[in-house]
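# Residue-level structural notes
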Amino acid sequence: MKNVTVIAHPLVQHNLTRLRDKRTHPQEFRRLLGEIASLMIYEATRNFRLKKISVQTPLASANGFKLEREVVLVPVLRAGLGMLDSILELIPHARVGFVGLKREETTLRAQFYYKSFPKNVGDFEVVLIDPMLATGGSSVAAIDLLVEQGAKHIRLVNLVAAPEGIAVVQKNYPRVPIFTAAVDKKLNERGYIVPGLGDAGDRLFGT
Ligand code: PRP
Ligand code: URA
């Protein structure tokens, strides 16, 4: 699939399987989601652009690099929060934006309730974080909000994606790359990813 990277690293796949397991309770789920997020972020940021700089070592001048753009992490509330802290440990200079969306149970439409982005988000590398890409409604709504605010360099990091959701994101935003640990079979009649891992927010927060 064009512009979709499935992160097949053995540690990612090991953790993902434990997250899928219905016996994994919220405490363990939180830990595993954090761990998998830090493993995934290496791949998801691999093509961040660099600019050349030089620094003075104690001995001489050395050529090196600096990220060309600042980074903003944007978790989609609530479940995206489960991936935020561990990514921040790896990119501690990142800023953090938020999008609050709640999928309405019958229509499956993403209802907006909150947003907060840095002002000059157009200058940033935006990493949109949401464990689940199901119908794609939430991811597209979050990207819409970012684009309205001027964001130009957006990438989407999911844990589990449904083919239906990938198609919707790609139809609306073909240039937004998607990084995921798995592309599952399908959505069921209630819009849940099968086999998926259930409701990510509920499993994370024990609701
Ligand atoms: C879940 C998930 C995604 C969304 C995906 O959130 O975390 O944001 O559903 O579904 P979609 O692709 O069909 O839009 P939910 O709306 O259940 O909110 P929550 O994280 O607060 O539980
Ligand atoms: N949201 C979830 O948390 N899980 C799904 O399978 C679909 C949407």
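Here's a quick rundown of the structure.

Thresholds, definitions, all that
Residues numbered from 1 in each chain as written. Chains lettered and ligands numbered in written order. Predicted model: local features only at pLDDT ≥ 70, side-chain atom pairs only at ≥ 80, totals over all residues. Heavy atoms only, no water. Helix = DSSP H or I, 4+ residues; strand = E, 2+ residues; numbered from the N terminus. Rg over C-alpha atoms; globule rule 2.2 N^0.38 Å. Buried < 20%, exposed > 50% of the residue type's maximum accessible area, 1.4 Å probe, protein only. Contact = heavy atoms within 4.5 Å. Lys, Arg positive; Asp, Glu negative; His and termini not counted. Charge placed at Lys NZ, Arg CZ, Asp CG, Glu CD. Near = heavy atom within 4 Å. Polar contact = N/O pair within 3.5 Å; in protein donor to acceptor, adjacent residues only side chain to side chain. Areas by Shrake-Rupley, 256 points an atom, 1.4 Å probe, with all protein chains shown as cover. Nonpolar A, V, L, I, M, F, W, Y, C, P; charged D, E, K, R; others polar. Pairing = 2+ DSSP bridges. Core = buried A, V, L, I, M, F, W, Y, C linked by side-chain atoms within 4.5 Å. Axes fitted to C-alpha atoms, helices over the stretch in contact; angles between N-to-C directions. Parallel < 35°, antiparallel > 145°, perpendicular 65-115°, else oblique. Left-handed = near helix turned anticlockwise from the far one by under 90°. Phe/Tyr/Trp six-rings, centres within 6.5 Å; stacked < 30°, edge-to-face > 60°. Lys NZ or Arg CZ within 6 Å of the ring centre and 35° of its normal.

A word on the overall build of the protein chain. For the protein chain, the helix and strand inventory stands at six helices and 15 strands. For 207 residues, the compact-globule formula gives about 17 Å, and the C-alpha radius of gyration of the protein chain, at 17 Å, lands near that figure. Its C-alpha atoms put the protein chain at 65 × 35 × 30 Å along the principal axes. Here the protein chain holds 207 residues, and the buried ones make up 47% of them. In the protein chain, the proportion of contacts linking residues at least 24 apart, taken out of those at least 6 apart, comes to 63%. Charge-centre separation for the protein chain: the mean point of 28 positive side chains lies 4 Å from the mean point of 20 negative side chains.

R78, R103, D130, T135 and S138 are the nearest of the 17 residues found near ligand 1. The contact in question runs from an oxygen atom of ligand 1 to an N or O atom on the side chain of R78, over 2.8 Å. Contact distances for ligand 1 include 2.5 Å between an oxygen atom and a side-chain N or O atom of S138. Contact with the protein chains hides 96% of the accessible area of ligand 1, taken as 500 Å² for the molecule alone. For the shell around ligand 1, the leading source of residues is strand β6 (residues 98–103), giving three residues. Its residues assigned to classes, the shell around ligand 1 shows seven nonpolar, five polar and five charged.

Moving on to the pairing of strand β10 (residues 153–157). Extensive coverage of β10 is indicated by the burial of four of its five residues. Relative to β10, strand β8 (residues 125–129) is paired through five bridges, and the arrangement is parallel. What sits directly across from I129, in β10, is V157. In terms of strand pairing, β10 meets strand β12 (residues 178–180) through two bridges, oriented parallel.

If you look at the biggest cluster of nonpolar residues, it comprises 37 residues, and the most contacted ones within it are M40, L73 and L159. Those elements that provide at least two residues to this core are α1 (10–20), α2 (26–44), β4 (71–77), α3 (81–90), β8 and α6 (200–205). Looking at this core element by element, the count peaks at eight residues for α2. With sequence-adjacent residues up to four places away left out, L73 is seen in contact with L84, I87, L88, I91, A94, R95, V96, G97, V127 and I129. Counting 27 residues, the second-largest nonpolar core is a separate cluster that includes V76, L101, V140 and A142.

Take the packing of α2 against α3 next. The description of two packed helices rests on the angle between their axes and on the distance between the axes. Here α2 crosses α3 at 50°, and the two axes come no closer than 8 Å. Looking at the two axes, α2 sits oblique to α3. The handedness of the crossing between α2 and α3 is right-handed. Listed contacts from α3 to L33, G34, A37, S38, M40, I41 and Y42 of α2 are G82, M83, S86, I87 and L90. For the contact of α2 with α3, a count of residues per class yields eight nonpolar, four polar and no charged.

With that settled, consider the packing of aromatic side chains. All told, the structure shown has zero aromatic pairs when counted by the stated rule. In this structure, R103 packs its charged tip against the face of Y192, placed 5.4 Å from the ring centre.

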